Amino acid sequence: MTSAEKYATAAYLVVLAVVLLYLVIYAFKLQRLSRDVEEIAELARTRSGAPETRIPGE
Amino acid sequence: MLLLAGIALAFYWVPMAPLEGFRQRIFYIHVPVALTAYACFGWGAWKGLRLLWTRDQRHDLESYTAIHIGTIFGILTLVTGSIWARTSWGVWWSWGERQLVLFLVLFLFYSAYFMLRYSVDPGPRRANMSAVYALFGVVLIPISFLAIRLAEDLIHPVVFDRDVGTNLAGSQLFTFVVCLAGMLVLAAALYLNELTGKRVDARLRELRESLA
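Notes on the structure follow. The structure presented is a predicted model; accordingly, all values stated were derived computationally and were not measured.

As a further point, take the overall build of chain B. Looking only at helices and strands, chain B features seven helices and two strands. When the elements of chain B are put in sequence order from the N terminus, they spell out α-α-α-α-α-α-β-β-α. Taking all 212 residues of chain B together, 50% fall into the buried category. Considering only residue pairs separated by 6 or more positions, chain B has 74% of its internal contacts joining residues 24 or more positions apart. Surface accessibility of chain B: about 10700 Å² in total, with carbon and sulfur atoms responsible for 68%.

Okay, here's the thing in structure tokens:
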């Protein structure tokens, strides 16, 4: 592999790596949002005194 | 898919450039990334203008998200540009190049947007300040874009010229357009995902406050 080929490949890999990193960060964010939804649902149940219901699909 | 197709075309289909050789293939990722960064900053400024015009706070989050995504593409522009500079000029950065320095100024300007935004409490005042700042930044985009043509001591290559049109062959232009379309679609997907996430986050915060 020539020097030019290495640099060109590196440029493309950097872009792909950053996009992948962004997706990983976004996945963590979705996990946090999911936990927040659970927490708020629990809070709402406690306040209303309603029994726990399962979310369809879980 | 468009982006992957563009990358495949850039590596396996486009003929080798006579002067630049293999390193010319960086062009197909670097320029679309840079144009996408400009598009994101421009979209952020447009949403800022819409906010100031309509006073609809919805545009604040859209402007912020566009600038957020634009900053990511700005980092990629600087990194891929540096890689190209290293292989072409033998240096990672040249302070004498107005195009590079102006893009860096644009990038730093929009990076400071986040400092401004988070130094003010959430509300209409922060939204208005952010919108005005985003609008000021958009002035730098045409300057940064035209710097390459205005510079006299130029070593940054000019591909699209007003007099001769494009310096690209048919296959090169086609690959460039596919890569650009792919990059814009990627940015749009990231923007919509990020925007949805931020909206859900804000809504959950409101719900939590109302339930507490």
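Across the boundary between the two partners, chain B contributes 33 residues, which contact 24 residues of chain A. Between E194 of chain B and K29 of chain A there is a salt bridge whose closest N-O contact spans 3.3 Å. Between the two partners, chain B and chain A, sit seven residue pairs in polar contact (both at pLDDT 80 or more). Those elements that provide at least two residues to the side of chain B that touches chain A are α1 (2-12), α2 (27-54), α3 (58-88) and α7 (170-211) of chain B. When residues in the side of chain B that touches chain A are grouped by element, the largest group, 13 residues, is from α7 of chain B.

In this model, the second largest pocket occupies a volume close to 650 Å³. Every residue lining the second largest pocket is counted, 20 residues in all, and those nearest its centre are L61, R126, K198, A202 and R205 of chain B. Where the lining of the second largest pocket is concerned, the elements lending two or more residues are α1 (3-48) of chain A together with α3, α4 (98-118), α5 (124-138) and α7 of chain B. Looking at which element gives the most residues to the lining of the second largest pocket, the answer is α7 of chain B, with seven residues.

The subject of this paragraph is the pattern of salt bridges. Pairing is possible between side chains of opposite charge, provided their charged atoms come close. Applying the stated criterion to the full structure yields 13 salt bridges over all chains. Each of R32, D36 and E39 of chain A together with D201, R205 and R208 of chain B takes part in one network of salt bridges that share partners.

Residue and element names in this part refer to chain B. Assignment of secondary structure puts S63 in helix α3. Engagement of the side chain of S63 in a polar contact is seen with the backbone oxygen of G44, the distance being 2.8 Å. Leaving out residues up to four positions away in the same chain, S63 has contacts with G44, K47, G48, Y113 and A134.

Quick notes on the rules
Residues numbered from 1 in each chain as written. Chains lettered and ligands numbered in written order. Predicted model: local features only at pLDDT ≥ 70, side-chain atom pairs only at ≥ 80, totals over all residues. Heavy atoms only, no water. Helix = DSSP H or I, 4+ residues; strand = E, 2+ residues; numbered from the N terminus. Buried < 20%, exposed > 50% of the residue type's maximum accessible area, 1.4 Å probe, protein only. Contact = heavy atoms within 4.5 Å. Areas by Shrake-Rupley, 256 points an atom, 1.4 Å probe, with all protein chains shown as cover. Salt bridge = Lys/Arg side-chain N within 4 Å of Asp/Glu carboxyl O. Polar contact = N/O pair within 3.5 Å; in protein donor to acceptor, adjacent residues only side chain to side chain. 1 Å grid on protein atoms, 1.4 Å probe; cavity = no way out; pocket = protein on both sides within 12 Å on 5 of 7 lines; lining within 4 Å. Points joined across faces, edges and corners; volume = space filled by probe spheres on them.

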